[in-house]
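# Fold and contact review
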Amino acid sequence: MSERKPIECWLSDMDGVLVHEGKPVPGADAFIAKVLGAGKRLLVLTNNSIYTPRDLSARLAAAGLDIKPEMIWTSALATAKFLTDQRPHGTAYVIGESGLTTALHEVGYILTDLDPEYVVLGETRNYSFDQITRAVRLIERGARFIATNPDPIGPSQDGSLPACGAVAAMITRATGVEPYFVGKPNPLMMRSAIRQVDGHSEATAMIGDRMDTDVVAGMEAGLETVLVLTGVTRRHEVERFPYRPSRIVDSVADLIDLIG
């Protein structure tokens, strides 16, 4: 990290980095305290569009981590920012939960199934066949197709669940229309996060547990990248990818001494 400017902003994935299966990663609380105590900026990034930042802040607090809502940036918020930049005060048919619908309402979007400009697909605990059918027909009639994130599966205590990327693939198969994915690994989400914390790419680091989302998104946005081994990607799997993180550490606890 010495070849770049000192890190002033830390972007961090949530699941697999700060928490794992609802429990804090050992050392995560000390890392957060050190970043904030040193006057640096921290923003937690997640592709999960189900929850609002307030919801996620409460869930993190239950795990013993003090992360304020304004320190959380979700794919739902990034999607709302993207849409309002593209077509302010537009209309959208939304498949998703409160994290996504709230974000769109807050930027002035009207949620409707009457000739909407966009179909916006997010995460939900219960994908409805009727909603998916409606989305297919609206896209066939000309609605633009947006999805919050490309993750094909999500975790649960009972095993993997089909997620936004898998449902998007089904809609694409039915319509022939590919969605525009806003969340990681799209560097658009990283750049919107950097703007959110008033940061600069040369002085920002991205911490993640996945090579195919966190690390590649950080790299393409010009950030320092840190892979932690407390989540999805294992050390021996790194060599399978054509790119490498700037640093590989066992957990965020190993980054505490790097914070000036």
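Here, every reference points to the structure presented above.
Basis of the calculations
- Residues numbered from 1 in each chain as written.
- Predicted model: local features only at pLDDT ≥ 70, side-chain atom pairs only at ≥ 80, totals over all residues.
- Heavy atoms only, no water.
- Helix = DSSP H or I, 4+ residues; strand = E, 2+ residues; numbered from the N terminus.
- Contact = heavy atoms within 4.5 Å.
- Pairing = 2+ DSSP bridges.
- Axes fitted to C-alpha atoms, helices over the stretch in contact; angles between N-to-C directions.
- Buried < 20%, exposed > 50% of the residue type's maximum accessible area, 1.4 Å probe, protein only.
- Polar contact = N/O pair within 3.5 Å; in protein donor to acceptor, adjacent residues only side chain to side chain.
- Parallel < 35°, antiparallel > 145°, perpendicular 65-115°, else oblique.
- Left-handed = near helix turned anticlockwise from the far one by under 90°.
- Nonpolar A, V, L, I, M, F, W, Y, C, P; charged D, E, K, R; others polar.
- Phe/Tyr/Trp six-rings, centres within 6.5 Å; stacked < 30°, edge-to-face > 60°.
- Lys NZ or Arg CZ within 6 Å of the ring centre and 35° of its normal.

### Overview of the environment of Pro116
Considering the arrangement of structural elements, one finds Pro116 in the loop between strand S7 (110-111) and strand S8 (118-121). Counting along the chain gives 21 residues from Pro116 to Arg137, while the straight-line C-alpha distance between them is 11 Å. Setting aside residues up to four positions removed in sequence, Pro116 forms contacts with Thr91, Ala92, Tyr93, Leu138 and Ala143.

### What about the sheet that holds strand S5 (residues 72-74)?
As summarised here, the arrangement of the six strands in space is S5-S4-S1-S13-S14-S15, forming an open sheet in which the pairing is parallel. Each edge of the open sheet carries a strand with a single partner, namely S5 and strand S15 (247-249). Each strand of the sheet is rotated relative to its neighbour by a mean of 25°, with strand direction disregarded. Where strand S14 (residues 224-228) meets S15, three bridges bridge the pair, whose relative direction is parallel.

### Structural notes on the side chain of Asp13
By the element assignment, Asp13 lies in strand S1 (residues 9-13). Here Asp13 falls in the buried class, since its relative accessible area comes to 8%. Only 2.9 Å separates the side chain of Asp13 from the side chain of Lys184, close enough to count as a polar contact. Apart from residues lying up to four places away in sequence, Asp13 is in contact with Leu18, Val44, Leu45, Thr46, Lys184, Met206, Ile207, Gly208, Asp209 and Asp214.

### Digging into the packing of helix H3 (residues 75-86) against helix H4 (residues 98-106)
Relative to each other, H3 and H4 sit at 30°, their axes nearing to 8 Å. One way to sum up the angle between H3 and H4 is to call them roughly parallel. Once H3 is placed against H4, the crossing between them reads as right-handed. Residues Ala76, Leu77, Ala80 and Leu83 of H3 touch H4, and the partners they reach there are Gly99, Leu100, Ala103 and Leu104. Partitioned by chemical class, the residues of the contact of H3 with H4 number seven nonpolar, one polar and no charged.

### Structural notes on the packing of aromatic side chains
By the definition in use, this model includes four aromatic pairs. With a centroid separation of 5.8 Å and 90° between ring planes, the pair formed by Trp10 and Phe31 is classed as edge-to-face. Here Trp10, found in strand S1, pairs with Phe31, found in helix H1 (residues 28-37); they are 21 residues apart in sequence, far enough to count as distant. Residue Trp10 shares its accessibility class with Phe31, and that shared class is buried. Centroid distance Tyr109 to Tyr118: 6.4 Å. Interplanar angle 45°. Geometry classified as tilted. Among the residues examined, Tyr109 registers a relative accessible area of 2% and is labelled buried. A relative accessible area of 4% places Tyr118 in the buried class. One Lys or Arg, Arg144, reaches over the ring of Tyr118 and ends 5.8 Å from the middle of that ring.

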